[in-house]
Amino acid sequence: MPAWQPLTFGGVVALTRASWTRLLLVQSAVAVAVAVAVLMVLGRGWFPAVTDAVHALTDFGSVRGGRLAWPRAEAVVLAQNRFLGLAIDLEENGEAGQIADLQVEFTRERIKLVSLLGYASLPYPVEMEIELNRQVLDPWWNAWRPAFFFAGGLGAVACLFVSWGLLATLYAVPVRILAGLAGRAASTGKCWRVAAAAQLPGALWLGGAILLYAAERLSLAGLGLAFGLHFVIGWVYLIGAPFCLPRKDDAAPAAGANPFTPAPPGGKTAPPPEPTGKNPFQGGPRT
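Residues numbered from 1 in each chain as written. Predicted model: local features only at pLDDT ≥ 70, side-chain atom pairs only at ≥ 80, totals over all residues. Heavy atoms only, no water.

Participant: I keep staring at the sheet that holds strand S2 (residues 67-69) and nothing clicks. Help me out?
Facilitator: Strands pair in a sheet through their backbones, by hydrogen bonds, and they do so in one of two ways: parallel or antiparallel. Strands sit in the order S2-S1-S8 across an open sheet of 3 strands; the sheet is antiparallel. Unpaired on one side and paired on the other, S2 and strand S8 (130-131) mark the two borders of the sheet. Sheet topology note: the strand S1 (residues 62-64)/S2 ladder contains 3 bridges and is antiparallel. Within S2, the residue paired with Val63 across the bridge is Leu68. (Pairing = 2+ DSSP bridges. Helix = DSSP H or I, 4+ residues; strand = E, 2+ residues; numbered from the N terminus.)

Participant: Looking at this structure, I do not really get the environment of Arg64. What am I missing?
Facilitator: If you trace the backbone, Arg64 turns up in strand S1. With 67 residues separating them along the chain, Arg64 and Glu131 place their C-alpha atoms 8.7 Å apart. In contact with Arg64, other than residues within four places in its own chain, are Glu129 and Glu131. For Arg64, the side chain forms a polar contact with the side chain of Ser62, separated by 2.4 Å. (Contact = heavy atoms within 4.5 Å. Polar contact = N/O pair within 3.5 Å; in protein donor to acceptor, adjacent residues only side chain to side chain.)

Participant: Mind showing me how you'd approach the packing of aromatic side chains here?
Facilitator: In this description, a pair of aromatic rings is defined by centroid distance and the angle of the planes. Applying the stated criterion to the full structure yields 10 aromatic pairs. With 5.8 Å between their ring centres and 75° between their planes, Phe47 and Phe149 make a pair best called edge-to-face. With a gap of 102 residues between them, Phe47 in helix H2 (residues 20-56) and Phe149 in helix H3 (residues 134-181) connect regions that are remote in the sequence. By relative accessible area, Phe47 is classed as buried at 13%. (Phe/Tyr/Trp six-rings, centres within 6.5 Å; stacked < 30°, edge-to-face > 60°. Buried < 20%, exposed > 50% of the residue type's maximum accessible area, 1.4 Å probe, protein only.)

Participant: Just checking my understanding: could you explain helix H6 (residues 220-240) for this structure?
Facilitator: Each full turn of the α-helix corresponds to 3.6 residues, which orients residues three or four apart in the same direction. Compared with the 30 Å implied by 1.5 Å per residue over 21 residues, the 31 Å span of H6 between its first and last C-alpha is a close match. Among all positions in H6, only Leu220, Gly222, Leu223, Ala226, His230, Gly234, Tyr237, Leu238 and Gly240 are buried. Looking at the buried positions of H6, the neighbouring elements they touch are helix H1 (9-17), H3, helix H4 (188-197) and helix H5 (200-214). (Expected span 1.5 Å × (residues − 1).)

Participant: Can you help me understand unusual backbone geometry in this one?
Facilitator: Trans peptide bonds make up most of the peptide bonds, and negative phi angles are found at most residues other than glycine. Even without being glycine, Glu216 reaches a positive phi, approximately 60°. Looking at the secondary structure, you find Glu216 in the loop between H5 and H6.

Participant: When you look at the side chain of Gln27 in this model, what are you seeing that I'm missing?
Facilitator: Here Gln27 shows up in helix H2. Other than its neighbours up to four places away in sequence, Gln27 contacts Phe161, Trp164, Ala196 and Leu200.

Participant: What is the right way to read a nonpolar patch on the surface from this model?
Facilitator: Taken together, the side chains of Phe9, Trp205, Leu225, Leu229, Val232, Trp235 and Val236 define a hydrophobic patch exposed on the protein surface, amounting to about 640 Å² of accessible area. With 5 residues, the single largest contributor to the nonpolar patch is H6. Among the secondary structure elements, Val232 is positioned in helix H6. We classify Val232 as partly exposed; its relative accessible area is 37%. (Patch = residues over 30% accessible without salt bridge, like charges linked within 9 Å, V, L, I, M, F, W, Y side chains within 5 Å. Areas by Shrake-Rupley, 256 points an atom, 1.4 Å probe, with all protein chains shown as cover. Salt bridge = Lys/Arg side-chain N within 4 Å of Asp/Glu carboxyl O.)

Shown next as structure tokens:
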């Protein structure tokens, strides 16, 4: 089977027989596909909301001494769409509301992050001064927006490779046990490569779910469910792929055979030499 696709058990095993370069190329292709989906979420949802929020700022606003100074006492929604909402609510009275999957609220002493997954808050740094006004943030955001966009895609690729490496190290032992129980020949390195390749179908599944979320065809709850299922898909391939490895009897050389002798063309076994009946150590006839 060609070692270029990880969508079947045989394809996962074929990647373990190919070179490390081939496995890295296939992993890179999958990582880029998932990163493109992440960039679509950033480009369609998050970045436009941030741009609108910067334009909605006043000419006065800053964070000094761990406290936000803002000219208005009432809550203000700076920008909001389905993906991201940005608001200023000094008194935390909840007047800003929430319709976005992720709501970021700037209060007097902290930043609140509210989503379906839960709630978190971060205090303002006391030792730093942050300008939160249109005059400073508008040119800064316009200058750094392409860099942040590129960093988002690069960060997605880096996170995938780090997670694949850690999970492959964790899953290599169960794969080795399954291969031994099935009577399959597999070294530790090959089991690690099986564990690494088995995660690629789940990553493609997750990338497709992110694309549907970016196109507003999937809710945040559905995306969370898809994220959990992508681990289950990896476990299915981890269980099934070891049974497609070569058997130990097929991988072992025949008894008495020289393992360093190349096989004849066509895969046929060369016939043994016929006995001549002569002693090769006996000298020839005397003259």
